[in-house]
Amino acid sequence: MGVAFDRWGARATLASVSGMAVLGALWIARSSSGGELIAARFLVGLGCSASFMSAVYLCSRWFGVHRFTLILSWVFAMSNFGTLAASTPLAWAAQTIGWRNAFDVLAAATAVVAALFWWLVRDDPPGQKSPAKPGETLTQVWRGLLEVWRTPGLGPVLALHVFAYAGMLTLLGVWGGPYLHDVHGLDGFARGNVLFAMGLAQIVGLLAFGSLDRIFGTRKKIVIAGAVGSIAVFGTLALLRSPPLWIAVALLMAIPFLSSYSIVIVAQGRALFPDALAGRGVTTVNMAQVIGAAGLPALSGYIVGAFAHSAGAAAPEAAYRAVFAMLAGGSMLGLAVYLRSKDSKPRM
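Predicted model only: the values in this text are computed from it and were never measured.

**Structural notes on the environment of Val-44**
Within the secondary structure layout, Val-44 lies in helix H3 (residues 34-47). A relative accessible area of 15% means that Val-44 is categorised as buried. Separated by 25 residues in the primary sequence, Val-44 and Gly-19 have C-alpha atoms spaced 9.1 Å apart. Setting aside its immediate chain neighbours within four residues, Val-44 contacts Met-20, Ala-21, Gly-24, Ala-25 and Ile-28.

See below:
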């Protein structure tokens, strides 16, 4: 996607690949086996692979790197209404029209959004000339990617970005619901309400973190503060044995709020690259997030599975506490490497 952004722009790239997401959602709605579901989900992933980074790329083109965090926070806060839709509304839709029909609706919505993106979005603001996008040979493409990987300061940013968003996703997208069911006995709608509140907390967190770099004139210190806060909450969840429900919910909501510091990491990473390599640069930074979002949920699944419980039975609380400890430890490791990074200070 990064190469495509640099060569053809975000508008054409996203509108082109979104068709795969539509087909994948339709396939999910008609799948009859686990293998089909996995294949269809893979197709959805390909179709959505430009969505996140097209916003990052466009915000950097339209608003520059110095207002980048603030504008991007608003874009991502709005985008998290999709996360909210995957909680209580999706639970309601699954029970009302069935999950297959719900995916048909999602496919139609994705098609409409892709069409609107092509119709309304422009790669460059009025009056600003687009950077030259010459055709590149395969050798030149790889040379550009190598230049991105050789960028000073990239490694420490990637190290923490592996855990910043992925830790929150592992909780909100994978284990939050099972934890509330197995440990606190909540039914489907009650779990959906908590996940809905966690999604709201993430939106508030994105808006809160979005303006902090311009207020304090630093990105590194903000990232460190958010990482330390997230580690503290994960550590508390790991240490507490059978906490009251209200405490557990408060801690669960704190994670998506504090983990919103990941947007500041994206801004810090974007500032490392010139405009000519912006597409490849931001997608390289995001690749760390994607690796974490794939690896941490899988690792946490092995951790839960290592605790003895019969198939279909509730997982023991110790299993979830071990997952929380793993997420805290991983973030600590990433933060230790990130401390070597160079601060990226926006103009005031």
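Following the structure, the description resumes.
**Digging into the side chain of Ser-73**
Within the element layout of this structure, Ser-73 appears in helix H5 (residues 68-79). For Ser-73, the contacting residues outside a window of four places in its chain are Leu-206, Leu-207, Gly-210 and Ile-263.

**Overview of the environment of Arg-30**
Summarising the element assignment, Arg-30 is placed in helix H2 (residues 10-30). Residues Arg-30 and Glu-317 lie 287 residues apart in sequence; the distance between their C-alpha atoms is 36 Å. Ignoring any residue separated from it by four or fewer positions in sequence, one finds Arg-30 in contact with Glu-36, Arg-100 and Asp-104. Within the structure, the side chain of Arg-30 is placed 3.0 Å from the backbone oxygen of Leu-26, a separation counted as a polar contact.

**Remarks on the packing of helix H10 (residues 154-182) against helix H11 (residues 188-210)**
Relative to each other, H10 and H11 sit at 160°, their axes nearing to 9 Å. The orientation of H10 relative to H11 falls into the category roughly antiparallel. Note on packing geometry: the crossing formed by H10 with H11 is right-handed. In this structure, H10 contributes Tyr-165, Met-168, Leu-171, Leu-172, Gly-176, Gly-177, Leu-180 and His-181 to the contact, and H11 contributes Arg-191, Val-194, Leu-195, Met-198 and Gln-202. Its residues placed into classes, the contact of H10 with H11 shows eight nonpolar, four polar and one charged.

**A short note on unusual backbone geometry**
Look at Ser-242: it is not a glycine, yet its phi comes out positive at around 50°. With respect to the secondary-structure elements, Ser-242 resides in the loop between helix H13 (220-239) and helix H14 (245-258).

Rules used throughout
- Residues numbered from 1 in each chain as written.
- Predicted model: local features only at pLDDT ≥ 70, side-chain atom pairs only at ≥ 80, totals over all residues.
- Heavy atoms only, no water.
- Helix = DSSP H or I, 4+ residues; strand = E, 2+ residues; numbered from the N terminus.
- Buried < 20%, exposed > 50% of the residue type's maximum accessible area, 1.4 Å probe, protein only.
- Contact = heavy atoms within 4.5 Å.
- Polar contact = N/O pair within 3.5 Å; in protein donor to acceptor, adjacent residues only side chain to side chain.
- Axes fitted to C-alpha atoms, helices over the stretch in contact; angles between N-to-C directions.
- Parallel < 35°, antiparallel > 145°, perpendicular 65-115°, else oblique.
- Left-handed = near helix turned anticlockwise from the far one by under 90°.
- Nonpolar A, V, L, I, M, F, W, Y, C, P; charged D, E, K, R; others polar.

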